[in-house]
Amino acid sequence: MWSAGRCAAAGPVLLALLLMLLVPGSSATKTGVGPVTCGSVLKLLNTQHRVRLHSHDIKYGSGSGQQSVTGVEASDDANSYWRIRGGLEGGCPRGSPVRCGQAVRLTHVLTGKNLHTHHFLSPLSNNQEVSAFGEDGEGDDLDLWTVRCSGQHWEREAAVRFQHVGTSVFLSVTGEQYGSPIRGQHEVHGMPSANTHNTWKAMEGIFIKPGVEASTGHDEL
């Protein structure tokens, strides 16, 4: 059985995202060039299966029982926004470009939980379960993902991988789809090797321009 919690209201969060457009140093684009920066809010597209990384206040009915993470085809779903943050000890000042090889947290905007994985089997493919964990952006050391890319920084137009710091798996989609209550959504899981199923690209979002408030040491929006 799947477990549904209280749904977060999308309206206030989307309003906050729109208000960010009025803040000097932020920009909203669907595509574009330039680095992904700390503090940015974005959607991530799996380039092989063309689904966006997604979560919602629905818990897995097996495994950890934590909040589920899926992939969705819709480009306009508010539950697909994630915020780029530093590790537990910071290291990701607002507006600073994310370096290739840097460990980051991906915090789900509408529920405040972090992208997370651990040694549970995923419900459809029996790969490693990926969940959303924590409260108000604070979880544990299993929320850390290393950005694997070529060059110096994570560029918006480039495909990257996310490798879990604690277990070394790659954030992946292989096409399995759920039934009710999230019919048609794709399973997201961890795989032990780099392959075509675990490349991702930054899509719609609000990108903080490099250098804006980067000297303050804050990684929060």
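Residues numbered from 1 in each chain as written. Predicted model: local features only at pLDDT ≥ 70, side-chain atom pairs only at ≥ 80, totals over all residues. Heavy atoms only, no water.

Summarise the overall build of the chain; cite the residues concerned and give the values.
Per the secondary structure count, the chain includes one helix and 14 strands. For the chain, with 221 residues in total, the buried portion stands at 50%. A separation threshold of at least 6 residues defines the contact pool for the chain, and within that pool the share at least 24 residues apart is 69%. Of the accessible surface of the chain, which amounts to about 9,500 Å², a share of 53% is contributed by carbon and sulfur atoms. (Helix = DSSP H or I, 4+ residues; strand = E, 2+ residues; numbered from the N terminus. Buried < 20%, exposed > 50% of the residue type's maximum accessible area, 1.4 Å probe, protein only. Contact = heavy atoms within 4.5 Å. Areas by Shrake-Rupley, 256 points an atom, 1.4 Å probe, with all protein chains shown as cover.)

So what's going on with the state of the cysteines? Residues and values would help.
For the structure shown, the criterion picks out two disulfides. Here Cys-38 pairs with Cys-92 through a disulfide, and the sulfurs are 1.8 Å apart. The S-S bond linking Cys-38 to Cys-92 shows a torsion near -95 degrees; that makes this disulfide left-handed. Remark: Cys-92 occurs in the loop between β6 (82-85) and β7 (103-108) and Cys-38 occurs in the loop between β2 (26-29) and β3 (41-46); sequence separation between them is 54 residues. Judged by its relative accessible area of 1%, Cys-92 is buried. A sulfur-sulfur separation of 2.0 Å characterises the disulfide bridge that pairs Cys-100 with Cys-149. On the sign convention where negative is left-handed, the bridge of Cys-100 and Cys-149, at about -115 degrees about the S-S bond, is left-handed. Of this pair, Cys-100 sits in the loop between β6 and β7 while Cys-149 sits in the loop between β10 (145-148) and β11 (161-164), placing them 49 residues apart in sequence. (Disulfide = S-S within 2.5 Å.)

An account of the packing of aromatic side chains is needed here, citing residue identities and associated values.
Following the criterion strictly, the structure yields one aromatic pair and no others. Ring plane angle 75 degrees and centroid distance 5.4 Å describe the contact between Trp-154 and Phe-162, whose orientation is recorded as edge-to-face. The exposure class of Trp-154 is buried, given its relative accessible area of 0%. With relative accessibility at 0%, the residue Phe-162 sits in the buried group. Over the ring of Tyr-81 we find Lys-43; its NZ or CZ atom is 4.7 Å from the centre of that ring. (Phe/Tyr/Trp six-rings, centres within 6.5 Å; stacked < 30°, edge-to-face > 60°. Lys NZ or Arg CZ within 6 Å of the ring centre and 35° of its normal.)

Requested: an account of the side chain of Gln-128, with residues and values cited.
You can see Gln-128 is positioned in strand β9 (residues 128-133). Of the polar contacts made by the side chain of Gln-128, one reaches the side chain of Thr-167; its length is 2.9 Å. Once you skip the residues sitting within four places of it in the chain, Gln-128 turns out to touch Thr-117, His-118, His-119, Phe-120, Ser-122, Thr-167, Val-169, His-189 and Gly-190. (Polar contact = N/O pair within 3.5 Å; in protein donor to acceptor, adjacent residues only side chain to side chain.)

An account of the pattern of salt bridges is needed here, citing residue identities and associated values.
Tallied over the full model, the rule gives five salt bridges. In this structure, the salt-bridge partner of Glu-138 is Arg-85, at a minimum N-O distance of 3.2 Å. Of this pair, Glu-138 sits in the loop between β9 and β10 while Arg-85 sits in strand β6, placing them 53 residues apart in sequence. Here Arg-85 falls in the buried class, since its relative accessible area comes to 1%. A salt bridge links Lys-113 to Glu-135, with the nearest nitrogen and oxygen atoms 2.9 Å apart. Separated by 22 residues along the polypeptide, Lys-113 in the loop between β7 and β8 (114-121) and Glu-135 in the loop between β9 and β10 bring together distant segments of the chain. A relative accessible area of 53% places Glu-135 in the exposed class. (Salt bridge = Lys/Arg side-chain N within 4 Å of Asp/Glu carboxyl O.)

Go over the environment of Ser-68, please, and point to the residues and values.
When you line up the elements, Ser-68 lands in strand β5 (residues 67-72). As for Ser-68 and Glu-187, which are separated by 119 residues in sequence, their C-alpha atoms are 9.1 Å apart. Polar side-chain contacts of Ser-68 include one of 2.7 Å to the backbone oxygen of Ile-58.

Provide a residue-level description of the pairing of strand β13 (residues 186-191), including the pertinent values.
Of all the six residues making up β13, six are buried; the element is thus mostly covered by neighbouring parts of the structure. Of the two faces of β13, both are covered, the one formed by His-186, Val-188 and Gly-190 as well as the one formed by Glu-187, His-189 and Met-191. In the sheet, β5 pairs with β13 via two bridges, with the strands oriented antiparallel. Bridge pairing in β13 places Thr-70 opposite Glu-187. Sheet topology note: the β9/β13 ladder contains two bridges and is antiparallel. Considered in β13, the bridge of Glu-129 is made with His-189. Pairing between strand β12 (residues 170-177) and β13: five bridges, direction antiparallel. Bridging across to β13, Phe-170 finds its partner in Met-191. (Pairing = 2+ DSSP bridges.)

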